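This is what each chain is made of:
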Amino acid sequence: MKSTVAEIRERFDNDVERFANLETGQQSTIDATVSLELITEAAKNIVPTATHLLDIGCGAGNYSLKMLSKLPGLHCTLADLSQPMLNKAFERVSVQTTGGVQTHHGDIRELSLPQNGFDIILAGAVLHHLRDDEDWQTTFSKLYSLLKPGGCLMISDLVTQDDQRLDDYIWNEYGNYLESLGGKEYRQKVLDYIAKEDSPRSVTYQLNLMKEVGFSTTEILHKNLCFAAFGGIK
Ligand SMILES: C[S@@+](CC[C@H](N)C(=O)[O-])C[C@H]1O[C@@H](n2cnc3c(N)ncnc32)[C@H](O)[C@@H]1O
């Protein structure tokens, strides 16, 4: 049985400080800082005149802060399941922008925000919490509808491979990577945690879905084993 939304919320409620530091928060994420740099730089290049940013699964606000370092003064909307995460993100983001900062506490599947309201949507390590096809379809449709024409959705996330043999190979390589960081126990702990809490999809699945819901262009920026940075333009 996969974790429920309430269980995921509780885990993140108790992990704010770790996620307020990209280095320690994402230790098990390969190339976390590379992907963060790539998706924010890509967003800046796609919408250099952006005024409104939406950060879904914002955690402690790392992605918004990086975006603000490239496009200062953005109005920021921060959305997360965890109220303690949102409090931390608000505290950190509001001192870094002259724009307004709004928070939305809740599940991204149920986000109620203005249609065509955002130039940039960032989704850092959050979409892998979606579960079945319907979840993915409704969430991608919703995100598309929230973007202004010409706006972009930029994703950095854990991903699978479509071919089972390649998926097994890549996850074994990832296991070896974890083992090199913290030994066999750490490898097992992270893989068990992923098996319980996460249900990632492949880059191909997500890019196809983006096209299906209306995105005009999709692009892969980076992939290293089971982590990737990619996105789409409305
Ligand atoms: C791994 S953290 C990443 C945080 C941040 N994006 C970063 O990379 O530093 C995932 C965040 O997504 C949030 N989250 C998970 N599932 C969610 C959902 N269904 N709706 C909204 N937020 C969710 C968690 O509360 C957590 O803060």
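Quick caveat: nothing in here was measured; it's all calculated off a predicted structure. (Residues numbered from 1 in each chain as written. Predicted model: local features only at pLDDT ≥ 70, side-chain atom pairs only at ≥ 80, totals over all residues. Heavy atoms only, no water.)

Looking now at helix H6 (residues 83-94). If you check H6, its first and last C-alpha atoms are 16 Å apart, about what 12 residues at 1.5 Å a residue would give, namely 16 Å. For H6, the complete set of buried residues consists of Met85, Leu86, Lys88, Ala89 and Val93. Viewed along the axis of H6, the buried residues span an arc of 165 degrees, placing them on a single side of the element. Buried positions along H6 lie against helix H1 (5-13), helix H2 (16-19), helix H5 (62-70), strand S2 (75-80) and strand S3 (101-105). For H6, the N-terminal capping position is held by Ser82, with its side-chain oxygen 3.1 Å away from the main-chain nitrogen of Met85. (Helix = DSSP H or I, 4+ residues; strand = E, 2+ residues; numbered from the N terminus. Expected span 1.5 Å × (residues − 1). Buried < 20%, exposed > 50% of the residue type's maximum accessible area, 1.4 Å probe, protein only. Arc of directions from axis to C-beta. Contact = heavy atoms within 4.5 Å. Polar contact = N/O pair within 3.5 Å; in protein donor to acceptor, adjacent residues only side chain to side chain.)

Contacts to the ligand come from 21 residues, most closely from Gly57, Asp80, Asp107, Ile108 and Gly124. Contact distances for the ligand include 3.2 Å between an oxygen atom and a side-chain N or O atom of Asn62. Look at the ligand: alone it shows 590 Å² of surface, and the protein chains cover 98% of it. The set of elements that each furnish at least two residues to the shell around the ligand consists of H1 and H5. Partitioned by chemical class, the residues of the shell around the ligand number 10 nonpolar, 8 polar and 3 charged. (Near = heavy atom within 4 Å. Areas by Shrake-Rupley, 256 points an atom, 1.4 Å probe, with all protein chains shown as cover. Nonpolar A, V, L, I, M, F, W, Y, C, P; charged D, E, K, R; others polar.)

Most often, soluble globular proteins have nonpolar side chains that are buried together. Membership of the largest hydrophobic core comes to 28 residues, with the highest contact counts inside it found for Leu54, Ile56, Ile121, Leu127 and Leu153. For this core, the elements supplying multiple residues, two or more each, are strand S1 (52-56), strand S4 (118-124), helix H7 (133-146), strand S5 (147-158), helix H9 (203-213) and strand S7 (227-233). Discounting chain neighbours no more than four positions away, the residues touching Ile56 are Ala79, Ile108, Leu111, Ile121, Leu122, Ala123, Gly124, Val126, Leu127 and Leu143. In this structure, Ala43, Leu65, Leu86 and Ala89 belong to the second largest nonpolar core, which totals 26 residues. (Core = buried A, V, L, I, M, F, W, Y, C linked by side-chain atoms within 4.5 Å.)

Moving on: the pattern of salt bridges. For the structure on display, the rule yields 17 salt bridges. Among the salt bridges present, the one from Glu17 reaches Lys88, with a minimum N-O distance of 3.4 Å. Taken together, the positions of Glu17 in helix H2 and Lys88 in helix H6 put the pair 71 residues apart, joining distant regions of the chain. For Lys88, a relative accessible area of 17% corresponds to the buried category. Put simply, Glu37 and Lys70 hold a salt bridge, and the shortest N to O gap is 2.9 Å. Taken together, the positions of Glu37 in helix H4 (residues 32-46) and Lys70 in helix H5 put the pair 33 residues apart, joining distant regions of the chain. Classification of Lys70 as buried rests on a relative accessible area of 15%. One salt-bridge network, held together by shared partners, links Glu37, Glu41, Lys44, Lys66 and Lys70. (Salt bridge = Lys/Arg side-chain N within 4 Å of Asp/Glu carboxyl O.)

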